[in-house]
Amino acid sequence: MPPTVKLRVLAFTTAAREAGYRSDYALADAMHVHRSTISRVVSGHLTPGPAFIAAALTVLTPANFEDLFEIVATDPAKNTDHPTTHDH
């Protein structure tokens, strides 16, 4: 599987606070995304896509890509496209 992008949660939340965003709602409004998108990316349930990345870099300046995101290798053993069954 190809590498993917992961949010650096502490850096993202710190940059948001430093930029004056005191809530996910205010940040989501500035980024033009739904508040649940912020929550799901921060919790790791959603991989940040191009629109999220671009919006974060736009509203959280002077943070750059390397400050807010990291590129990580995916583990082919954890492929969720094909759920496994376990005999109990």
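What you are looking at is a predicted structure, and each value in this text was computed from that prediction instead of being measured.

Here we come to the confidence of the model for the protein chain. With 85% of its residues at a pLDDT of 70 or more, the protein chain shows a mean pLDDT of 89. Low pLDDT (under 50) marks residues 81-88, which in the prediction has zero contacts with non-local residues, meaning those over four places away or in another chain.

This next bit is on the packing of helix H2 (residues 24-31) against helix H4 (residues 50-59). At a minimum axis distance of 9 Å, the contact between H2 and H4 shows a crossing angle of 105°. Compared by their axis directions, H2 and H4 come out roughly perpendicular. Only Phe52, Ala55, Ala56 and Val59 of H4 make contact with H2, whose side of the interface consists of Leu27, Ala30 and Met31. The residue makeup of the contact of H2 with H4, split by class, is seven nonpolar, no polar and no charged.

Rolled over the atoms, a probe with the dimensions of a water molecule shows which regions are left empty. Roughly 280 Å³ of internal volume is contained in the largest pocket. In this structure, the largest pocket is lined by 15 residues; those nearest its centre are Val5, Lys6, Gly44, Leu46 and Thr47. When contributions to the lining of the largest pocket are tallied by element, the ones reaching two or more residues are strand E1 (4-7) and helix H3 (35-43). Top element by residues in the lining of the largest pocket is E1. It accounts for four residues. Each residue belonging to the lining of the largest pocket can be placed in one class, and the counts come to eight nonpolar, six polar and one charged.

One finds Phe12, Leu27, Met31, Phe52, Leu60 and Leu68 to be the most contacted residues of the largest nonpolar core, which totals 19 residues. Listing elements by their share of this core, those giving two or more residues are helix H1 (9-18), H2, H3 and H4. The greatest single-element share of this core, amounting to five residues, is contributed by H4. The contact partners of Met31, leaving out residues within four places of it in the chain, are Phe12, Ile38, Phe52, Ala55, Ala56 and Val59.

All right, on to unusual backbone geometry then. What is expected of a backbone is that most residues other than glycine have negative phi and most peptide bonds are trans. For the peptide bond that leads from Thr61 to Pro62, omega is 15°, which places it in the cis range. Looking at the secondary structure, you find Pro62 in the loop between H4 and helix H5 (65-68). Here the phi dihedral of His32 falls at roughly 60°; this positive angle occurs in a residue that is not glycine. Within the fold, His32 resides in the loop between H2 and H3.

Basis of the calculations
Residues numbered from 1 in each chain as written. Predicted model: local features only at pLDDT ≥ 70, side-chain atom pairs only at ≥ 80, totals over all residues. Heavy atoms only, no water. pLDDT = per-residue confidence, 0-100. Contact = heavy atoms within 4.5 Å. Axes fitted to C-alpha atoms, helices over the stretch in contact; angles between N-to-C directions. Helix = DSSP H or I, 4+ residues; strand = E, 2+ residues; numbered from the N terminus. Parallel < 35°, antiparallel > 145°, perpendicular 65-115°, else oblique. Nonpolar A, V, L, I, M, F, W, Y, C, P; charged D, E, K, R; others polar. 1 Å grid on protein atoms, 1.4 Å probe; cavity = no way out; pocket = protein on both sides within 12 Å on 5 of 7 lines; lining within 4 Å. Points joined across faces, edges and corners; volume = space filled by probe spheres on them. Core = buried A, V, L, I, M, F, W, Y, C linked by side-chain atoms within 4.5 Å. Buried < 20%, exposed > 50% of the residue type's maximum accessible area, 1.4 Å probe, protein only.

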